[in-house]
Amino acid sequence: GAEGPGGPEFNEWATETAAKYGTNFLSSVSDLPDPAQPRVALISGRTADNPRLLGECIEAGCKCIYLEKPGAPTVEELQGMKDVAEEAGIEVLMGYNKNVCKYVRKTREFAETVPDSHVTFVSNNAYENTPESLGECFERNAEGMLKNM
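These lines cover the structure that appears in this document, whether it is placed above or below. Here the structure is a predicted model, which is why all the values come from computation and not from measurement. (Residues numbered from 1 in each chain as written. Predicted model: local features only at pLDDT ≥ 70, side-chain atom pairs only at ≥ 80, totals over all residues. Heavy atoms only, no water.)

Some words on the packing of aromatic side chains
How two aromatic rings sit relative to each other is given by the distance of their centres and the angle of their planes.
(1) Moving on: Throughout the structure, instances matching the rule amount to 3 aromatic pairs.
(2) Moving on: A ring pair is formed by Phe10 and Trp13, whose centres lie 5.6 Å apart and whose planes are at 45 degrees; its orientation type is tilted. Placement of both Phe10 and Trp13 in helix α1 (residues 7-21) is noted, with a separation of 3 residues, approximately one turn of the helix.
(3) Moving on: In this structure Trp13 comes out as partly exposed when scored by relative accessible area, which is 31%.
(4) Moving on: Take Phe10: its relative accessible area is 40%, and that puts it in the partly exposed class.
(5) Moving on: By the ring-pair criterion, three or more aromatic residues cluster together here, those being Phe10, Trp13 and Phe25. (Phe/Tyr/Trp six-rings, centres within 6.5 Å; stacked < 30°, edge-to-face > 60°. Helix = DSSP H or I, 4+ residues; strand = E, 2+ residues; numbered from the N terminus. Buried < 20%, exposed > 50% of the residue type's maximum accessible area, 1.4 Å probe, protein only.)

This is the structure in structure tokens:
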């Protein structure tokens, strides 16, 4: 949250970024302005939220959606998401969202060809990058990360 660890620093960064680049920081997909051109979405949230987020992105006018794996808590939900996307004529790509992925490299390479462009990727890992914290993450999700994440 805004007052929790990292919250004030994020808010400061968001204010600076909005002023410098005109970036919008919104609370919900439904808060997006109407698209002036084709819109792309990258869904990298909790797995349980992804079916809802995919629907919201389609409603927001996204034409292509990159969905971080595993995509949904169950195969049935994934199938439902596939059906909704196909019915809407939306392309959905699934992969693993990390800075070493090919799409990130290609995005950065493309950005280098566009004067004054700026691309920022932010990871939302809620744990410190230490062996102890990673172990705690797996312990906290002992019944299955697919179920909780």
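Topic: the state of the cysteines
(1) Moving on: Tallied over the full model, the rule gives 0 disulfides.
(2) Moving on: The closest cysteine sulfur to the non-disulfide-bonded Cys62 is located on Cys57, 4.5 Å from its own sulfur.
(3) Moving on: Cysteine Cys64 is unpaired, with the sulfur of Cys62 as its nearest cysteine sulfur at 9.0 Å.
(4) Moving on: Its relative accessible area of 18% is what places Cys64 among the buried residues. (Disulfide = S-S within 2.5 Å.)

Side note on the sheet that holds strand β3 (residues 91-95)
(1) Moving on: Reading across the sheet, the 3 strands line up as β1-β2-β3 and stay open at both edges, with parallel pairing between neighbours. Two strands in the sheet have a free side with no partner beyond their single neighbour: β1 (39-43) and β3. Neighbouring strand axes in the sheet, compared pairwise and without regard to direction, differ in orientation by 15 degrees on average.
(2) Moving on: Relative to strand β2 (residues 62-68), β1 is paired through 5 bridges, and the arrangement is parallel. Opposite Val40, over in β2, you have Cys64 as the bridge partner. (Pairing = 2+ DSSP bridges. Axes fitted to C-alpha atoms, helices over the stretch in contact; angles between N-to-C directions.)

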